[in-house]
Amino acid sequence: MTQHQRLLIIDFGSQVTQLIARRLRELNVYCEIHPYNKVDDAFLQSFAPQAVILSGGPDSVTRQGSPRAPEALWSFGVPVLGICYGQQTMMQQLGGLVEHGHGTAEFGRAFVTPTAESLSILDGWFADGREQVWMSHGDHVSKIAPGFQVYGTSPNAPFAVTADPARHFYAVQFHPEVHHTPKGAKLYENFVRLAGFTGDWTMGLYREQAIAAIRQQVGDKKVICALSGGVDSSVTAILIHESIGDQLTCVFVDHGLLRLGEAEQVVAMFRDNYNLNLIHADESELFLGRLEGVSDPERKRKIIGGLFIDVFQKYANGIEGAEFLAQGTLYPDVIESVSFSGGPSVTIKSHHNVGGLPEKMGLKLVEPLRELFKDEVRALGRELGLPASFIGRHPFPGPGLAIRCPGEITVEKLDILRQADAVYIDQIRKHGLYDDIWQAFAAILPMKTVGVMGDGRTYDYAVGLRAVTSVDGMTADTYPFTHDFLGETMTRIINEVKGVNRVFYDITSKPPGTIELE
């Protein structure tokens, strides 16, 4: 199997370390994030990186026992880029000095101006004499290490950019990975070019390697896959099917909480276009029966998650000889499962994966997407030939419409919600806005309101509309529809959906709100 050029990111606990990896993957550079306390001299030798980046972090290098890069790194002979805390530990370990506080902290937007010297890692910077960057530091470098020079300064960071070009060591006090450093991507591009990366990380090559790895792992055994119809599980299923064909069986659990026509669309796409072994487990009566009278959102989630596992296990037990369970685990899930100090994650939700099933069923995991970010999964889906309309679909939560129906769930309310949501999404597509929006959906609110329709009094449900823009779903802004669009959409929903007489548009950002209502 072809070996990619590899870049190692040593994580010191920054909340934006994943963004470093995202920037590099966008440059077709393969990289992995590993916590500092897992990277020793032996790890460096076995990983064999072509370059190393030291991330930021919350600690202070002035504290005794604070995190450090492995000493072998400085004689390893590859380019190193230190960012914020990474710069500070580089300076401290190589003979410089870092001090705590003393009024030189910087948080937020700052401007870096160049020194007289030029530096290749900053090619394309300083066209206007200075560059905006994003700072977040309390400590500061007060003395640079021997061999280093200063190439950029800011008002509170006299050593904002330092480097020892002879040894290919570079260090910046700011965060080039965040959006608020506009030319940060250019800095990373310069760094990987200096390190000799050719951009050999492509989805075409990944597809070939993943297929070979799946065949080697599975052999002639059988695999089962929980297919939700979402992008992650769908790409997982198609990739494994391309690898081992009929040895794969997918189980699509229909919990009765899907959008209008969604179950039929998913089943048709996979059976008709890919000839997959697919079990359509229509268990809507079971799920809706157990949810009857339940209004607490956490109880809803737990009921749905628990039932999903039970139902999947029931159908999977009927597949003789299955030894592997396929999951659409992504690289952010892998990163978050181990914090920079080695602690476990507590954010995994059972209804978003098949949590607990490998142990309960004695199955081994197949996770062919565990090296990919979400945008890379979409790229792989395109490589595998999934329809563009499917690949670009907005995210849909594991509990489905249950969390878009605050209060008690009923068949009547779900029917109204499905129809209203279908009209809303049709409006967005008709106006050419779908791809500009991260996520859009309708929700049926736990209230009825008085209205007047056809000179008569109505007492019907209210529907809330939500649409947000986002990069990763961690923060979100409301989408600025025009009043004409909202008015037209309101008219269509009330005219076409029986049981609705009022429409609201939610303008709450995240934070303080969440994207979903529950």
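Residues numbered from 1 in each chain as written. Predicted model: local features only at pLDDT ≥ 70, side-chain atom pairs only at ≥ 80, totals over all residues. Heavy atoms only, no water.

A separate point is the confidence of the model for the chain. Scored by pLDDT, the chain has a mean of 88; 92% of the residues are at 70 or more. In this model residues 339–356 is a low-confidence stretch, pLDDT under 50, and it forms 34 contacts with partners more than four residues away in sequence or in other chains. (pLDDT = per-residue confidence, 0-100. Contact = heavy atoms within 4.5 Å.)

For the rest of this paragraph, the subject is the environment of Asn37. Tracing the sequence through the fold places Asn37 in the loop between β2 (30–35) and α2 (41–47). With relative accessibility at 37%, the residue Asn37 sits in the partly exposed group. In this structure, the C-alpha to C-alpha distance between Asn37 and Arg6, residues 31 residues apart in sequence, is 20 Å. (Helix = DSSP H or I, 4+ residues; strand = E, 2+ residues; numbered from the N terminus. Buried < 20%, exposed > 50% of the residue type's maximum accessible area, 1.4 Å probe, protein only.)

Here we come to the sheet that holds strand β12 (residues 222–226). Pairing is parallel in the open sheet, where 5 strands are placed in the order β14-β13-β12-β15-β16. Each edge of the sheet is formed by a strand with only one pairing partner; in this case those strands are β14 (277–282) and β16 (364–366). Strand-to-strand, the axes of this sheet are offset by a mean angle of 30°, without reference to chain direction. Along the sheet, helix α7 (residues 262–274) contacts β13 (248–254) and β14; its crossing angle with β14, the most-contacted strand, is approximately 165°. (Pairing = 2+ DSSP bridges. Axes fitted to C-alpha atoms, helices over the stretch in contact; angles between N-to-C directions.)

For His4, the location among the structural elements is in the segment before β1 (6–11). Residues contacting His4, with those up to four places away along its chain left out, are Tyr30, Asp200, Trp201, Leu205 and Gln209.

What follows covers the pattern of salt bridges. As enumerated under the stated definition, the model contains 25 salt bridges in all. One salt bridge connects Glu518 with Lys300, and the closest N-O pair in it is separated by 3.1 Å. On the criterion of sequence distance, the pair formed by Glu518 in the segment after β20 (500–505) and Lys300 in helix α9 (residues 297–316) is long-range, its members being 218 residues apart. On the accessibility criterion, Glu518 (19% relative accessible area) is buried. Between Glu367 and Arg370 there is a salt bridge; the shortest N-O distance is 2.6 Å. Each of Arg207, Glu242 and Glu383 takes part in a single network of salt bridges with overlapping partners. (Salt bridge = Lys/Arg side-chain N within 4 Å of Asp/Glu carboxyl O.)

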